[in-house]
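Each chain, written out:
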Amino acid sequence: MDVSRRGFLKISGATLAAGGIGISLKPVEAYAQPLKIMYAKETTTICPYCSVGCSIIVSTRNGKVVNTEGDPDSPINRGALCTKGGSIYQMAVNENRLGKPLYRAPYAAEWKEVEWEWALEKIAENIKKSRDKSFRTTNDKGEVVNRTEGIASVGSAAMDNEECFTYQKFLRGLGLVYIEHQARI
Amino acid sequence: MTNHWIDFANSDVILIMGCNPASNHPISFKWIQKAMDKGAKLICVDPRFTQSAARAHYYTALRSGTDIAFLGGMIKYILDNNLMQEDYVKNYTNASFLVNPAFKLPAENNGVFSGLVDGKYDKSTWSYQTGPDGVILKDPTLTNPNSVFQLLKKHYSRYNLDVVSKITGTPKEGLLEVYKAFASTGKADKAGNILYAMGWTQHTVGTQNIRTMCMIQLLLGNMGIAGGGVQALRGEANVQGSTDYALLFHILPGYLKTPAASLPTLSSYLEKNTPTTKEPNSLNWWKNTPKYMASYIRSVYGLNATLEEGYHYMPKVDDGANYSWLALFDAMYKGKFTGFFAWGMNPACSGAHSNKVRQAMGKLDWMVNVNLFDNETGSFWRGPGMDPKKIKTEVFMLPCAASVEKEGSISNSGRWMQWRYKAVDPPGEAMPDGEIMTEILYKVKELYLKEGGVFPDPITKLTWDYGPKGADGKIRIYDPHAVAKEINGFFLEDKKVEDPTKKGVFKEFKKGDPVPAFAWLQDDGSTSSGCWIYCNSYAEKGNLAARRNNKDNSNIGLYSEWSWCWPVNRRIIYNGASVDINGKPYSMKRAVIWWNGEKWVGDVPDGVGNPGSGRPPFIMKPDGVASLFGPGMSDGPFPEHYEPLECPVEKNMMSPQKNNPVIKRWDKKGVGSELDEVASCDPRFPFVCSTYRVSEHWQTGVLTRWCPWLAEMQPEMFVEMSEELAKERGFKNGERVVVKSARGEVEAVALVTPRFKPFMIGDTVIHQVGIPWHFGWITTADRKYNPGDKKAEIFTTGDAANLLTPTIGDANTMIPESKAFMVNVVKKGVK
């Protein structure tokens, strides 16, 4: 039984109310609730928030996250997590997560859901158009610069190391020089 | 960090200044507490009595933007009272170097150093005296008036208690208490530690703030030892990695410099950027630059291009040009870009002067915005004050995977590269960032191959071998292991290489073999490595970042077999300075490395030759010693107190020069934009303001505001103020007010606390207030929601703190001055 935090509070509130004086003097029927991580698969991750690098155990069942908690094996956090790391469950299980590409046309007032293939093709066309228009082989001094002046990028300290490496490879391959991210601010 | 999180437990004294780990790196406090359990003293210096201050043995307040005055006073205290670790200073720093006699200090030059011309320093007088052989002249007695040491003493002699107290607003007893406690770590067997974060970096003198503390650590012999060093508490889970991998205009992965336009060939680049030294014993590790640059070029173009061709393809930065964040958004505001990637970032809330940023984005033709949730950047066109009918920007908001939905590594602030695993698939059609960029690259490449276009080679010749390929030559999935192996590096041909540590001993490598460590990288193009400092992380021993051995064999908490850190798993860098010139550890109980008769044991040794070899340990500096005198800085070889650009005082009490003389003044006509107003000593904005964070939210709140558990703990934008200020203005705790600056305004809840106290600056009472920067309009209740829009389960109130901050950056890094600017606070509804 998955009980959200507020759901749990509601239940315990109701029990107290039924008891009247707050405790029951009748024999209590013990109900053994199964561990919510029963039959779950475990993987470890590192918290995506600050830079301490706390290790977290993610329990999943049937392809869904059922629990996240601190990893006691990590010498850094030893099972502890702060409020943010402790709530990483909600980053994974959250109905507001974006699941489909969205498109905003010029001058439009709304988002529109679109297909990946369509979005990627338009993006590639845009990149080529911007690059071809703004690429400079030489600067005003006549020095060879081979750069794309019309496109800029910011991002991201939230990407994995491997993605950061390939992202800068991708951007510099396109000829960008205006490349920045969180480290600068 | 020079050290790492667990190492805090080894400190005798910890200074928390310019950061608040109890709130923003909460689990790190476990290690601070451990040190305190062992008897360590905790000092906290902050304009506000923070959660970290609540745990400290000593707390004192200082006005935002006066850290150099505070720390300069500490330098004077250390020197006046002979508390420095003398032989460390003599042997491991440039204290003995003789400086050009034409060099002038601010005391004798109207508050600036010699050589200031048109807002820039000609550094020719910031040079050392050399002998006929080019070796720097030194005075080992440190008494020569032109010695770095005597100049240091002279410069900081002005930072007496009176003037420091007047500038900072800190009572003299407070200053002395802190100075005494910290300077006690100058003893050889004592370790003093400094933790800092954006409270130091976000100033026009930010880099010099940090440098002042580095100098203190050098004077006290605290650099390179367990429990010592200088610890940057970084803000994001992988900002260390993203910096290492150079998502910044001025560097390439591994801190190589981006090629300048005046350097048309690789050989000219290497000549300019490879440092040399005449110091006979200096290792000068950056002399290996040619190996790292050649290997980097190979990691980009493989064997599809020669090294010179690969260099030619790389975009060049104009000499002296600055394309950093503030310059980027200024250029965007001026219509310079047609396209923009806001990839895993929310500049509409994180950028200084957010109004300028938001308006700038309206000048674009297109934006690609990759994120987990809807946000103020991708949706900027429908934000407050925006009329979508007038905004042409085409926006693509692409859904990406969260950290638990993909595999890869991140590097924490202690440089530990930790591998993490995929738990579940991303929701809906969201994809890992690596897949998204792969798709985009392939499509761009296809267009160029099909249609031709401007100089396609730099794109079409990129290697992208991150997994098994299909019949179409494209990788089927983006495999982070393949990327990690490319980053580590491998041999591109069979090669016999001499062992870098054993002369005359050779090792045979076959094509495709991983490079064991960066000492094996070659300058002739026979090796490929994406980032030399990560070379060794995924070599013949496999994925070291994934190691989970949590037994510690050191007694100083190194945990050398849990994950892997750069460089070459060295946990405490500069540890060559933890032993004296004869190789004996300064502290036996906290020894980092020691000589067992044959070799160094303990941590991976750094920089140190065999005992008695005379090799100076700071091998990343050409001269091998650490810099008390630092001519590499753009605003002076010694830190000097200057006032923040927006400040409450008419005069700098230290000198006639009010502000940092080399900062770029975006507020001046013709430099920035008409939006870039600055208001200093302006009665409209009488309070000093600083931004900070709370535990429950992270950065702009772009992720945390969508998490109900966190949003309900901290739902409201607030402005924290002293009881005295609240009384003066008639504010009640909990009342809705408006915070205003010369650039914008934000509604907030008044949080009246005793944590702020008014400062006495000279004869004037100066109030300081603080605001969190976690909020944004997208998760508020009172905004327009279209059908299908995501709606936060728990609404937050308020918009970005950065609507108030100015376009002004540090003289060296251009990090915005968000920790000291001027505001007013008024009741809601009052003008």
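Keep in mind the model is a prediction, meaning the values are calculated, not measured.

Caption draft 1: Highlighting the overall build of chain A. Counting secondary structure elements, chain A contains five helices and nine strands. When its helices and strands are written in sequence order, chain A yields α-β-β-β-α-α-β-β-α-β-β-β-α-β. Partitioning the intrachain contacts of chain A with sequence separation of at least 6 by distance along the chain shows that 31% fall at a separation of at least 24. Carbon and sulfur atoms make up 56% of the accessible area of chain A, which totals about 8,400 Å².

Caption draft 2: The sheet that holds strand β21 (residues 564-565) of chain B, seen in detail. Strand order in this open sheet of three strands is β13-β14-β21 (chain B), and the pairing throughout is antiparallel. In this open sheet, the two edge strands, each paired with only one partner strand, are β13 (408-411) and β21 of chain B. Sheet analysis places strand β14 (residues 416-420) of chain B next to β21 of chain B, joined by two bridges and oriented antiparallel. Note on β21 of chain B: the bridge partner recorded for M417 of chain B is W564 of chain B. Strand contacts of helix α5 (residues 161-174) of chain A: β13 and β14 of chain B, with the helix running at about 90 degrees to β13 of chain B, the strand carrying the most contacts.

Caption draft 3: Region of the structure containing the sheet that holds strand β3 (residues 64-70) of chain A. Residue and element names in this part refer to chain A. Pairing within the open sheet is antiparallel, and its three strands lie in the order β1-β2-β3. Looking at which strands have only one partner, the edges of the open sheet turn out to be β1 (41-46) and β3. Adjacent strand axes in the sheet meet at a mean angle of 30 degrees, parallel and antiparallel pairs treated alike. Strand direction decides the pairing type here: β1 and strand β2 (residues 55-61), joined by six bridges, are antiparallel. Opposite T44, over in β2, you have I57 as the bridge partner.

Caption draft 4: A look at the interface of chain A and chain B. Each partner contributes to the interface: chain A provides 120 residues, whereas chain B provides 172 residues. In total, about 13,000 Å² of surface goes out of reach between chain A and chain B, with carbon and sulfur atoms giving 61% of it. Inspection of the region where chain A meets chain B yields eleven salt bridges. Here K100 of chain A makes a salt bridge to E429 of chain B, at a shortest N to O gap of 2.8 Å. Taken together, the links from chain A to chain B amount to 89 residue pairs in polar contact (both at pLDDT 80 or more). In terms of residue count, the dominant contributor to the side of chain A that touches chain B is helix α4 (residues 116-134) of chain A (17 residues). Of the strand pairs in this sheet, strand β8 (residues 151-154) of chain A and strand β10 (residues 339-343) of chain B are connected by four bridges, and their pairing is parallel.

Caption draft 5: Local environment of a positive patch on the surface. Together, R78 of chain A together with K30, K34, K38, K187, K190 and K589 of chain B make up a positively charged patch on the protein surface. Here K34 of chain B lies in helix α2 (residues 29-37).

Caption draft 6: A look at the environment of R476 of chain B. All names here are of chain B. Note that R476 resides in the loop between α18 (457-460) and α19 (480-488). Taking relative accessible area as the criterion, R476 reaches 61% and is therefore assigned exposed. Sequence separation between R476 and Y466 is ten residues; the distance between their C-alpha atoms is 8.9 Å. When sequence neighbours within four positions are dropped, the list of residues in contact with R476 reads P468, K469 and G470.

Parameters and conventions
- Residues numbered from 1 in each chain as written.
- Chains lettered and ligands numbered in written order.
- Predicted model: local features only at pLDDT ≥ 70, side-chain atom pairs only at ≥ 80, totals over all residues.
- Heavy atoms only, no water.
- Helix = DSSP H or I, 4+ residues; strand = E, 2+ residues; numbered from the N terminus.
- Contact = heavy atoms within 4.5 Å.
- Areas by Shrake-Rupley, 256 points an atom, 1.4 Å probe, with all protein chains shown as cover.
- Pairing = 2+ DSSP bridges.
- Axes fitted to C-alpha atoms, helices over the stretch in contact; angles between N-to-C directions.
- Buried area = accessible area lost by both parts, 1.4 Å probe.
- Salt bridge = Lys/Arg side-chain N within 4 Å of Asp/Glu carboxyl O.
- Polar contact = N/O pair within 3.5 Å; in protein donor to acceptor, adjacent residues only side chain to side chain.
- Patch = residues over 30% accessible without salt bridge, like charges linked within 9 Å, V, L, I, M, F, W, Y side chains within 5 Å.
- Lys, Arg positive; Asp, Glu negative; His and termini not counted.
- Charge placed at Lys NZ, Arg CZ, Asp CG, Glu CD.
- Buried < 20%, exposed > 50% of the residue type's maximum accessible area, 1.4 Å probe, protein only.

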